[in-house]
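# Descriptive structure summary
Each chain, letter by letter, is given below.
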Number of protein chains: 6
Amino acid sequence: MYELGVVYRNIRRADSDLAGGLGAFGTATVHEAIGRMGLMKPYMRPIYARAQAWGTAVTVLLHPGDNWMLHVVAEQIRHGDIVVAAVTADCNDGYFGDLLATSFKARGAQGLIIDAGVRDVRVLTEMKFPVWSKAISAKGTVKATLGSVNIPVVCGGALVTPGDIIVADDDGVVVVPAASAQKAFEIAAAREANEGEKRAKLAAGVLGLDMYNMREPLQKAGLKYID
Amino acid sequence: MYELGVVYRNIRRADSDLAGGLGAFGTATVHEAIGRMGLMKPYMRPIYARAQAWGTAVTVLLHPGDNWMLHVVAEQIRHGDIVVAAVTADCNDGYFGDLLATSFKARGAQGLIIDAGVRDVRVLTEMKFPVWSKAISAKGTVKATLGSVNIPVVCGGALVTPGDIIVADDDGVVVVPAASAQKAFEIAAAREANEGEKRAKLAAGVLGLDMYNMREPLQKAGLKYID
Amino acid sequence: MYELGVVYRNIRRADSDLAGGLGAFGTATVHEAIGRMGLMKPYMRPIYARAQAWGTAVTVLLHPGDNWMLHVVAEQIRHGDIVVAAVTADCNDGYFGDLLATSFKARGAQGLIIDAGVRDVRVLTEMKFPVWSKAISAKGTVKATLGSVNIPVVCGGALVTPGDIIVADDDGVVVVPAASAQKAFEIAAAREANEGEKRAKLAAGVLGLDMYNMREPLQKAGLKYID
Amino acid sequence: MYELGVVYRNIRRADSDLAGGLGAFGTATVHEAIGRMGLMKPYMRPIYARAQAWGTAVTVLLHPGDNWMLHVVAEQIRHGDIVVAAVTADCNDGYFGDLLATSFKARGAQGLIIDAGVRDVRVLTEMKFPVWSKAISAKGTVKATLGSVNIPVVCGGALVTPGDIIVADDDGVVVVPAASAQKAFEIAAAREANEGEKRAKLAAGVLGLDMYNMREPLQKAGLKYID
Amino acid sequence: MYELGVVYRNIRRADSDLAGGLGAFGTATVHEAIGRMGLMKPYMRPIYARAQAWGTAVTVLLHPGDNWMLHVVAEQIRHGDIVVAAVTADCNDGYFGDLLATSFKARGAQGLIIDAGVRDVRVLTEMKFPVWSKAISAKGTVKATLGSVNIPVVCGGALVTPGDIIVADDDGVVVVPAASAQKAFEIAAAREANEGEKRAKLAAGVLGLDMYNMREPLQKAGLKYID
Amino acid sequence: MYELGVVYRNIRRADSDLAGGLGAFGTATVHEAIGRMGLMKPYMRPIYARAQAWGTAVTVLLHPGDNWMLHVVAEQIRHGDIVVAAVTADCNDGYFGDLLATSFKARGAQGLIIDAGVRDVRVLTEMKFPVWSKAISAKGTVKATLGSVNIPVVCGGALVTPGDIIVADDDGVVVVPAASAQKAFEIAAAREANEGEKRAKLAAGVLGLDMYNMREPLQKAGLKYID
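Given the structure is predicted, the values throughout are model-derived calculations rather than measurements.

### Let's talk about the interface of chain C and chain F
Chain C puts 18 residues into the contact, and the matching count from chain F is 19 residues. It is C:Tyr2, C:Met37 and C:Leu159 that lose the most area in chain C upon contact with chain F, and together they represent 42% of the buried surface on that side. At the boundary of chain C and chain F, one finds 2 salt bridges. For F:Lys41, the salt bridge identified is with C:Asp90, shortest N-O distance 2.6 Å. Taken together, chain C and chain F are joined by 2 residue pairs in polar contact (both at pLDDT 80 or more).

As structure tokens, then:
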């Protein structure tokens with residue numbers, strides 16, 4: 001994992017249709033479908049409400065206060081990618097702003113996930129370029145030290161391998177390993193299939209206690225009702 | 001306080017008209033009216049801007065990573081209640097989403113106050129089901145361990161007894177003990193009575209220094225002006 | 001710095017045209033123009049999205065849980081000022097609400113920067129009175145202890161001298177010393193001059209690697225591409 | 001709970017022998033014995049390593065930056081008590097130092113649990129007066145606003161009723177309601193009874209998997225071993 | 001990475017002599033030797049001062065509030081291993097205490113690195129069983145949900161692959177991939193070789209400015225001295 | 001304040017006898033003597049228990065992840081100085097270790113106050129070189145960007161002007177402006193004069209309520225005793 005100064009140009013991306021399919025389900029459903037794992041920590045927040053994005057991960061490893069490699073990763077973006085940026089130590093500096101967003105968007109990026117800060121959030125919001133970050137900060141960065149592009153990175157506490165599928169929305173950011181994507185899609189689809197029916201029942205006043213047959217296990221576990 | 005596996009079905013709720021009356025004043029005024037107490041910690045934030053809710057507290061105690069009891073509490077909700085959910089240890093998992101919100105709403109809940117995380121915030125926002133929480137997270141939970149319903153709980157650092165009045169808005173969440181509600185309403189009403197007049201004076205450029213007769217006490221305290 | 005119980009009435013304000021000029025550039029550009037310094041910590045956040053303000057600093061030093069001096073500072077506000085409020089120890093209480101905002105606005109204040117909490121954010125938002133704060137809290141304060149007005153203060157980790165220029169927006173709050181304002185304006189203007197051209201190139205797909213001539217220095221630093 | 005300006009002189013203390021008995025078991029065992037509840041949040045830390053204390057709670061409610069009521073509570077201390085101090089809002093100021101510790105000790109206090117800051121920790125350590133606090137800070141406080149003594153308070157996220165038993169050590173602080181103390185003691189004693197035997201087995205290399213008969217439930221849950 | 005309910009029994013451990021050699025250098029030197037990477041976040045702290053440990057990683061993935069898998073991992077420990085425990089979401093509960101420590105020690109474990117809480121720290125300290133953790137808490141856990149053993153995990157923000165070398169001391173915890181261990185040792189040894197000489201010069205008053213020949217690059221960078 | 005790339009060689013240091021005199025009183029007393037101001041935030045902690053230091057401030061401004069200027073400041077240290085290091089943005093990296101400590105000590109430094117991280121804490125502890133820092137971290141830094149030496153800096157939330165007196169101990173770090181040092185000493189001395197007598201009275205069981213004549217003001221404020 002500790003390769004510095006390296007750019008992998010050819011990575012194996014997960015299927016883009018699967019990315020779209022998973023993205024439509026949203027993070028909560030996808031996270032359930034892959035066994036309640038792969039979720040970044042909840043400090044990773046979208047810079048505007050109702051942001052949504054999905055795509056295949058292009059990764060970049062940065063140093064504290066240094067955004068040089070964001071220019072390097074731009075060249076590796078293909079349409080449908082999401083850039084995932086990690087830093088070697090905690091840093092809230094504003095690594096990314098409207099110029100880089102213009103470049104990323106032109107290259108086909110669907111968004112940015114960065115375990116650090118961003119700036120120009122007003123313009124990014126107007127551009128509808130979604131970013132999930134740890135902080136918002138006007139603090140600028142230098143361009144002095146090499147990191148790497150398309151190596152596995154830890155971002156927001158989750159391991160991201162280049163080519164993995166990323167799904168991000170108001171609820172957070174989830175990482176689906178490329179090899180699990182097909183199965184995750186099937187599980188998520190099955191899970192969603194009867195959600196409408198469940199919702200209708202609950203809206204009609206049916207209790208989850210009854211719909212999910214919880215009364216018996218609750219009683220067995222010892223639950224007591226007191227009037 | 002340490003009863004586990006117990007559901008109290010009959011609680012004495014504060015008067016619902018008082019809940020409505022206090023709710024109309026908002027948290028800042030109510031908090032002043034009850035002696036600057038009963039406020040939850042400021043980490044309890046609404047999931048969308050301009051959220052507002054008030055009602056009588058139905059409480060539930062949960063375990064870390066386990067939302068089983070949210071299904072149990074649903075049955076105890078009456079129209080005009082607000083569910084207040086505490087956890088036995090710090091946890092940011094997403095205990096509550098759109099299906100539970102559909103159920104809570106159908107039962108007449110006015111909102112949820114939870115000292116943990118929630119998910120599906122986009123749908124909750126569209127549903128206009130207000131939630132004040134410590135975190136937003138797609139992380140799912142299990143259903144394995146009993147907690148309790150309608151026992152006194154500590155939520156967001158404040159003690160909540162079932163039946164207390166809860167007032168929540170953009171400024172936070174305040175708890176009014178049922179026994180203090182009538183008096184709190186009277187104090188709040190008196191406090192609000194001349195706010196319009198004060199606001200008009202201040203808008204006209206009158207200084208609080210003069211309107212509140214602060215110049216003399218400030219001088220006595222030793223304040224010096226230097227030109 | 002440790003003067004207590006003192007109000008300086010005559011401070012030397014930076015040029016208001018410069019404040020307006022810098023404000024139009026926004027915090028990120030201004031922060032770059034003054035050498036990547038003078039930025040408050042990123043925990044200072046606007047209470048509503050797209051807030052923007054600039055002006056000359058009128059400062060006030062407060063004690064934990066005591067907002068008495070906010071009434072004193074109101075009298076010292078002139079049109080075009082921004083009030084900068086520091087506290088002698090960490091405190092999230094709600095020092096400032098809609099009545100004080102009405103007064104500040106009537107005096108000509110452009111906004112408030114406070115290293116503590118505020119309340120009545122719904123009304124402040126409707127009034128379009130912008131505030132950058134550390135917290136939102138309904139918690140009220142007392143009026144018991146003297147602080148000072150128009151002494152140098154540390155707010156959000158940045159030193160603010162009365163009369164300095166403050167620029168604040170979604171990206172944070174930056175302080176420009178009065179003596180550096182003219183030069184900062186010139187640097188910022190130069191920096192902005194060719195941003196449109198750069199943005200057009202990047203939007204057309206030109207890479208920053210090429211536009212900024214980074215390929216050679218990256219190669220010299222040892223960057224390796226692997227296919 | 002919201003009584004201000006009140007001192008309850010006669011509280012019903014839990015049995016002091018039970019306090020001693022529970023104290024000898026330590027917080028982890030006591031916490032288990034009362035159903036994994038009643039624990040203060042882990043930010044409550046002892047000011048020196050190997051601190052240990054137990055006793056009956058005398059409570060005090062303070063305001064931010066104001067330690068006046070600590071002098072009032074001193075008079076209510078009886079030999080064997082532990083003072084539990086809560087604050088109406090988050091505050092890290094140094095409310096308590098060596099003079100108050102001298103006074104508390106002379107009155108028979110076994111220690112202090114304070115949801116705020118303390119100072120003079122070098123002297124407190126030399127005096128062997130144990131304190132569990134949220135912070136250490138030299139910041140002094142004023143004496144201006146009334147709180148209350150011996151009302152129920154929320155400290156470190158736990159409800160403390162006057163007379164409850166407090167057990168505190170390196171692992172944290174646990175609150176045992178007076179009414180649960182006898183039963184808690186019995187459960188804790190039973191729990192400890194065979195700990196020595198267990199420890200000997202584990203030290204000899206026996207696995208918990210075997211000692212606790214976990215292999216079958218693990219297999220049923222689906223655990224797979226891969227060579 | 002998302003395998004649940006799986007125990008890998010045969011992992012390829014890095015050379016134990018290399019672990020010992022790297023351990024003797026300490027985390028700061030090893031972290032430099034592997035390119036300033038692989039360091040866990042600084043919130044991972046030893047439970048007692050001067051703790052030191054090194055060994056080969058045996059990993060375990062846990063769920064919030066559930067320590068069942070710690071009993072499973074115990075069986076996989078070989079002499080010279082360090083257990084590295086990750087959790088699927090943030091949790092400060094006390095997963096590990098003196099009984100498990102007795103068992104781990106009997107199996108040959110050199111210590112525990114856990115991205116959660118521990119308890120019984122007084123006894124662990126007396127046993128000299130070193131633990132690096134995120135928190136200390138008496139809060140107990142349940143045994144209900146399967147995790148995995150010896151899969152790659154993210155702990156303290158760092159990726160740990162089973163068999164990697166772990167070096168931990170007062171300065172934190174560093175992970176050395178098994179494949180990099182030999183080279184890391186050589187670089188660290190070279191780095192340490194002339195530290196004694198440097199230390200002697202500095203102790204004699206020679207400046208780093210001169211010893212490292214920094215004056216010229218500083219001047220070139222534009223440093224100005226003002227008398 | 002925003003001078004970069006500048007080293008002021010001649011600063012006016014406060015009187016060293018006053019530094020020694022104030023240091024002997026400790027931070028809590030000094031902080032009171034200067035009006036409860038000038039205290040750094042409580043996150044600034046000593047790296048070992050019972051650390052104590054005082055001296056005249058030599059300041060240095062650093063960039064995130066870059067410790068180059070620590071070598072520059074070393075040359076400006078005179079016997080009796082304390083180095084105060086600020087960073088332009090939040091950073092926990094380990095800027096300072098045993099080699100720099102050896103150099104600082106040889107130059108006569110009494111300690112280091114750094115708003116960032118340090119490493120080699122075991123050796124620093126053995127050397128008895130006291131450091132107050134925000135973090136402990138093995139993370140190394142680069143030497144690439146100029147900061148400044150002996151300009152006013154904000155460290156731990158407090159303004160430090162070169163030559164100010166610094167007093168640091170277990171309770172934190174306090175800054176005494178050079179111009180206030182003589183008066184601060186006199187106030188502190190007067191304050192300490194009768195502490196022994198007070199302590200003796202309190203140890204004999206006299207209450208602060210009586211010793212400080214608080215009963216009447218408490219009664220006037222409305223305090224009620226309930227039996």
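Once the structure has been displayed, the description carries forward.
### Description of the environment of E:Ser133
All names here are of chain E. Looking at where serine 133 falls in the secondary structure, it is placed in strand E6 (residues 131–136). Remark: the alpha-carbon pair of serine 133 and valine 118, spanning 15 residues in sequence, is separated by 7.0 Å. For serine 133, the contacting residues outside a window of four places in its chain are Tyr43, Met44, Arg45, Ile47, Ile114, Ala116 and Val118. At a separation of 2.9 Å, a polar atom in the side chain of serine 133 contacts the main-chain carbonyl oxygen of alanine 135.

### Notes on the pairing of strand E5 (residues 112–118) of chain B
All names here are of chain B. Here E5 lies mainly inside the structure; 7 of its 7 residues are buried. The sheet contact formed by strand E4 (residues 81–87) and E5 spans 3 bridges and is parallel. Its bridge partner lying in E5, valine 84 is registered against isoleucine 113. Between E4 and its parallel partner E5, the chain crosses via helix H4 (residues 98–107), and the hand of that crossover is right-handed. Note: E5 against strand E6 (residues 131–136), 5 bridges, orientation parallel. Paired with leucine 112 across the two strands is valine 131, which belongs to E6.

### A few points about the pairing of E6(E)
All names here are of chain E. Of all 6 residues in E6, 5 are buried; the element is thus mostly enclosed. As defined by bridge partners, strand E2 (residues 45–46) adjoins E6 across 2 bridges and the pair is classed as antiparallel. Bridging across to E6, arginine 45 finds its partner in serine 133. Handedness of the strand E5 (residues 112–118)-helix H5 (residues 121–127)-E6 crossover: right-handed.

### A short note on the environment of B:Thr125
For B:Thr125, the location among the structural elements is in helix H5 (residues 121–127). Sequence separation between B:Thr125 and B:Leu22 is 103 residues, and the spatial gap between their C-alpha atoms is 24 Å. Every residue in contact with B:Thr125, bar those within four places of it in the chain, is listed here: A:Arg50 and B:Tyr48. Among the polar contacts made by the side chain of B:Thr125, one reaches the main-chain carbonyl oxygen of B:Val121 at a distance of 2.5 Å.

Basis of the calculations
Residues numbered from 1 in each chain as written. Chains lettered and ligands numbered in written order. Predicted model: local features only at pLDDT ≥ 70, side-chain atom pairs only at ≥ 80, totals over all residues. Heavy atoms only, no water. Contact = heavy atoms within 4.5 Å. Buried area = accessible area lost by both parts, 1.4 Å probe. Salt bridge = Lys/Arg side-chain N within 4 Å of Asp/Glu carboxyl O. Polar contact = N/O pair within 3.5 Å; in protein donor to acceptor, adjacent residues only side chain to side chain. Helix = DSSP H or I, 4+ residues; strand = E, 2+ residues; numbered from the N terminus. Buried < 20%, exposed > 50% of the residue type's maximum accessible area, 1.4 Å probe, protein only. Pairing = 2+ DSSP bridges. Right-handed = clockwise from strand over helix to strand, strands pointing away.

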